[in-house]
Amino acid sequence: MNCITFSENAEGYLIPFENNRALCDFENPLAEAEQWVQTQNFGISNEIILLGLGGGFHLQVLKQIHPHLKIHVVECRDQLLPIFKNQVQSQLENYSCFHSLESLLESELFEKALMKSLPVYFMKSTWGAEEDLFYSLWKNLTGRSVYAIARHFANLGVEIDEGTLTSLKKSEKPLTIREATDIVLQSESEQAKENRGYFETLRELTR
Amino acid sequence: MKILGISLLRLGDLILQRPLIEGLRKKHPQSEIHMLINKQFSQVEFLFAGLVDKFIYFDRDNLQKSCGEKEYNILWGFHQLKSLMDDVNQTRYDFVYNFTHNRLTAHLAGLVHAQERIGIYSKDGNFHGLNNPWIAFFNNFFGKPEATGFHYTELLGRALEIQPQQMPFPVKTSRGQYVLVQPLTSDSKKNWSLEKYQALVKTLESETPLQVLVLGAPFEREILSKTFPEKNLFICDLQAAASKLRETALLITGDTSIKHLAALYDTPILELSLGSSQPLQVGAYSNHAVTLQPKVQCGPCPHSQKCSQATHVCGDRLSVGAVLQAAHKMLSVDHPDWNRFAQQHPELIVLKTEIRHVMGWTVQCQSLAQKDYFEQVLQKKTMIVDELNRRHQSVKGVNNEQRTRKLPDSRAEAS
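Just so it is clear, the structure is predicted and the values come from calculations on it, not from any experiment.

Participant: Hey, could you go over the overall build of chain B for me, with residue numbers and the actual values?
Facilitator: The helix and strand inventory of chain B stands at 15 helices and 15 strands. The principal-axis extent of the C-alpha atoms belonging to chain B is close to 60 × 50 × 50 Å. Counting every position in chain B, which comprises 415 residues, the buried fraction comes to 58%. With the model as given, the accessible surface of chain B reaches about 18300 Å², and the carbon-plus-sulfur share is 49%.

Participant: So what's going on with the sheet that holds strand β4 (residues 93-98) of chain B? Residues and values would help.
Facilitator: Residues and elements named next belong to chain B. Reading across the sheet, the five strands line up as β3-β2-β1-β4-β5 and stay open at both edges, with parallel pairing between neighbours. Two strands lie at the open edges of the sheet, namely β3 (54-58) and β5 (114-118), each paired on one side alone. Recorded for the sheet is a direction-independent mean angle of 20° between the axes of neighbouring strands. Note that strand β1 (residues 2-7) and β4 share four bridges and pair parallel. Within the sheet, the bridge partner assigned to I6 lies in β4 and is N98. Against the sheet, helix α1 (residues 11-27) contacts β1, β2 (32-38) and β4, and its axis sits at roughly 165° relative to β2. Strands in contact with helix α3 (residues 76-88) are β1, β3 and β4; relative to β3, the strand with the most contacts, it is inclined by about 165°.

Participant: Explain helix α6 (residues 152-160) of chain B residue by residue, including any values.
Facilitator: Most of α6 of chain B is tucked away: eight of the nine residues are buried. Those residues of α6 of chain B that sit buried are Y152, T153, E154, L155, L156, G157, A159 and L160 of chain B.

Participant: So what about the pairing of strand β2 (residues 14-18) of chain A? Which residues, and what values?
Facilitator: Residues and elements named next belong to chain A. Of all five residues in β2, four are buried; the element is thus mostly enclosed. Direction of pairing for strand β1 (residues 4-8) relative to β2: antiparallel, over a ladder of five bridges. Within β2, the residue paired with I4 across the bridge is E18. Between the end of β1 and the start of β2, which pair antiparallel, lie five residues, with G12 showing a positive phi angle near 90°. In textbook terms, the turn of a hairpin is the stretch between consecutive antiparallel strands, and for β2 and strand β3 (residues 21-22) this stretch comprises two residues, one of which, N19, has a positive phi near 50°.

Participant: Give a detailed account of the packing of α1 of chain B against α6 of chain B, specifying residues and quantitative values.
Facilitator: Residue and element names in this part refer to chain B. Interaxial distance between α1 and α6 falls to 9 Å at its minimum, and their mutual angle equals 40°. Considering their axes alone, α1 and α6 lie oblique with respect to each other. Crossing of α1 against α6: the hand is right-handed. Of the residues in α6, those touching α1 at D13, L16, Q17, P19, L20 and K27 are Y152, T153, L156, G157 and L160. Considering only residue class, the contact of α1 with α6 consists of six nonpolar, three polar and two charged.

Participant: Break down the packing of aromatic side chains for me, citing the residues and quoting the values.
Facilitator: Overall, the coordinates contain 25 aromatic pairs over all chains when judged by the stated rule. Grouping aromatic residues by their ring pairs yields a cluster made of F153, Y198 and F199 of chain A together with F78 of chain B. For K70 of chain B, the ring lying beneath its charged end belongs to F122 of chain A, and the centroid distance is 5.2 Å. Above the ring of F150 of chain B, the side-chain terminus of K381 of chain B is found at 5.5 Å from the ring centroid.

Participant: Break down the pairing of β1 of chain B for me, citing the residues and quoting the values.
Facilitator: Residue and element names in this part refer to chain B. With five of six residues buried, β1 lies mostly within the body of the structure. Bridge count for β1 against β2 is six bridges, and the pairing is parallel. When the bridges of β2 are listed, L4 appears paired with H34. Once you follow β1 into α1 and on to β2, the crossover reads as right-handed.

Participant: Can you tell me about the nonpolar core, naming the residues and giving the values?
Facilitator: All names here are of chain B. Counting residues in hydrophobic clusters, the biggest one holds 66 residues, and the most contacted among them are Y97, F99 and L261. Per-element tally for this core: the top contributor is α1, with seven residues. Setting aside its immediate chain neighbours within four residues, F99 contacts G5, I6, S7, Q17, L20, I21, L24, M35, Y152, L156, L160 and I162. Core analysis: the second largest hydrophobic core is formed by 42 residues, L36, C67, V88 and L108 among them.

Participant: Which residues make up the interface of chain A and chain B, and what are the values?
Facilitator: Between chain A and chain B, the contact holds 34 residues from the first and 32 residues from the second. A buried area of about 3000 Å², summed over both sides, lies between chain A and chain B, and 65% of it is on carbon and sulfur atoms. When the buried surface of chain A facing chain B is broken down by residue, Y198, E204 and L205 of chain A rank first, second and third, together holding 25% of it. Where E204 of chain A meets R103 of chain B, a salt bridge forms, and the shortest distance between an N and an O atom there is 3.3 Å. Across the contact surface, chain A and chain B share 10 residue pairs in polar contact (both at pLDDT 80 or more).

Participant: Could you give an account of the pattern of salt bridges, with specific residues and numbers?
Facilitator: Residues and elements named next belong to chain A. All chains considered together, the criterion is met by 27 salt bridges over all chains. A salt bridge links E111 to R151, with the nearest nitrogen and oxygen atoms 2.8 Å apart. One end of the pair, E111, is in helix α5 (residues 108-116); the other, R151, is in helix α7 (residues 146-156), with 40 residues separating them in the sequence. Residue E111 is classed as partly exposed on the basis of its relative accessible area, which comes to 30%. Connected through salt bridges with shared partners, the residues E47, K70, K112 and K116 form a single ionic network.

Participant: Which residues make up helix α10 (residues 190-205) of chain A, and what are the values?
Facilitator: Along α10 of chain A, the sharpest change in direction is near 45° and occurs at R196 of chain A. Taken as a whole, α10 of chain A has its buried residues at A192, N195, G197, Y198, F199, E200, T201, L202, R203, E204 and L205 of chain A. At its buried positions, α10 of chain A is contacted by α7 and α9 (177-186) of chain A together with α2 (60-66), α3, α4 (103-111) and β6 (121-123) of chain B.

Participant: Report on the sheet that holds strand β4 (residues 47-51) of chain A, specifying residues and quantitative values.
Facilitator: Sheet strands pair by backbone hydrogen bonding; their relative direction is either parallel or antiparallel. All names here are of chain A. In space, the four strands of this open sheet follow the order β6-β5-β4-β7, with parallel pairing throughout. Of all the strands in the sheet, just β6 (95-97) and β7 (120-121) have a single pairing partner and so form its edges. Of the pairings in the sheet, the one linking β4 to strand β5 (residues 70-75) comprises five bridges and is parallel in character. In the sheet register, I48 faces β5, and the bridge partner there is I71. Here helix α6 (residues 131-141) sits on the sheet in contact with β4, β5 and β7, set at roughly 160° to β4.

Each value, and the rule that gives it
- Residues numbered from 1 in each chain as written.
- Chains lettered and ligands numbered in written order.
- Predicted model: local features only at pLDDT ≥ 70, side-chain atom pairs only at ≥ 80, totals over all residues.
- Heavy atoms only, no water.
- Helix = DSSP H or I, 4+ residues; strand = E, 2+ residues; numbered from the N terminus.
- Buried < 20%, exposed > 50% of the residue type's maximum accessible area, 1.4 Å probe, protein only.
- Areas by Shrake-Rupley, 256 points an atom, 1.4 Å probe, with all protein chains shown as cover.
- Pairing = 2+ DSSP bridges.
- Axes fitted to C-alpha atoms, helices over the stretch in contact; angles between N-to-C directions.
- Contact = heavy atoms within 4.5 Å.
- Parallel < 35°, antiparallel > 145°, perpendicular 65-115°, else oblique.
- Left-handed = near helix turned anticlockwise from the far one by under 90°.
- Nonpolar A, V, L, I, M, F, W, Y, C, P; charged D, E, K, R; others polar.
- Phe/Tyr/Trp six-rings, centres within 6.5 Å; stacked < 30°, edge-to-face > 60°.
- Lys NZ or Arg CZ within 6 Å of the ring centre and 35° of its normal.
- Right-handed = clockwise from strand over helix to strand, strands pointing away.
- Core = buried A, V, L, I, M, F, W, Y, C linked by side-chain atoms within 4.5 Å.
- Buried area = accessible area lost by both parts, 1.4 Å probe.
- Salt bridge = Lys/Arg side-chain N within 4 Å of Asp/Glu carboxyl O.
- Polar contact = N/O pair within 3.5 Å; in protein donor to acceptor, adjacent residues only side chain to side chain.
- Bend = angle between axes of the 7 residues up to and from the residue.

Laid out in structure tokens, this is it:
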């Protein structure tokens, strides 16, 4: 387990460090958070996933600027929550802590993300030394892993043939709409044929 | 009867299609016409008042983002698109007209439940509609030398079997009180230099009793205000620009959507055709437009490439004096002698547009050296029209669908 410590900045905020790497800006965490919020597109959905709690300042600013959003917070380090509750916000609804990818894939949140195609946001500095795990969580929550896309298509009634699955598993890269379209075009199922036109339309938008 | 038109190109193309929508309304006067257009062009609704009963918006921006940006779920776009098409298919359309003619809209047209589809559509993995020789000609040659002389609006009209109709406008009892200048286009290589426009505006102000205004969209204010004084700026939205054009004696412009808007209102247009502008295919659809095109070996250049020259040769060759002289001719109450003007400016090709009863839209070349070439273009156009009409008659009613080898991708656009 990585070492989580906290240092107090000039404004009296406790800033989390993981293996001596700050999980948000040490001197101006709120300014960093405001800038991050301004650069994101929150017009996609009223329900979102925020991947990485870090110091929690970006969550605080996000709630102030977009109070209508229902935010599911996902973390993998238990130590961050108590400090967040003390200094930023005592109540935190919709919080989940997953120490592994497997625990995410078994969760209700993953099912919800699949059913509603929830958008996933993150401020990269909050990932700290757990970048690999968070990246893996992001891939699965956004449907860009082989497992997740297979689950998505199962929900649509689209069968993925074995050859396609094998070929997809060879690459570590996140899947794109092009691969999703290829899956649909190569599938023999009736649902695939019915949905083909939508994927072909989307693929044109990537050209 | 319910008709859906799909038009997902750019603003200028939508404006160019208005005569076709007017023609569609004339063809089916009792029908309900709906249009599927890009959400970002919702400001054109006023132009279609009385013609289009309902607009449906395609959120191209967000759908495009969803295909690549990291926060989107991979299937978000699919669900949005399905939801849109489910809403569209609440209506049972008699006809779907594809005004856009690319793969994107072919797929969309295939997803609409309709009795009949006019234009390209996709079904079961194949593209259909190319058995119409006019559609095939449009697909293969629009934007290329083979289709020179065919105006986009008319060619699309022939492909979709709609006769373009001019917008009914009130007879003007007096000349307009403005000269409008539209300096900026969507592509810097089509722009004449702002310094030259500045000199033009100053001189026109001193030499005509009309008010000279520089037209721009809100996002263009910063650039324009560096060159033109505030008193000359008219920064506005599309509807305000349309209002102004109705009171304008002359519009001086590059190849822009404002040019096409002016054509709808029968405003006289002086077009400065530079860079990749194609006056013989997307010139003003008007009886009152003159185009000045500098004679350069490199032009018209390809749309999608940067200027290949060390300097902007075509722009350099177009002098303020020539544009000023042309502007005065257009503002004059006398019948201008364009032949003489062309002789005085051998560095330019001078074209005058006209919409004729049988031939349709055409250009008259005023420059002696190019007259033969343009007459050949006209003759070739006549032959192609006759041949394609003959072929079209012979395939009508034959249920003979062909797979196409090539269809424009979704970036293909007229203007």
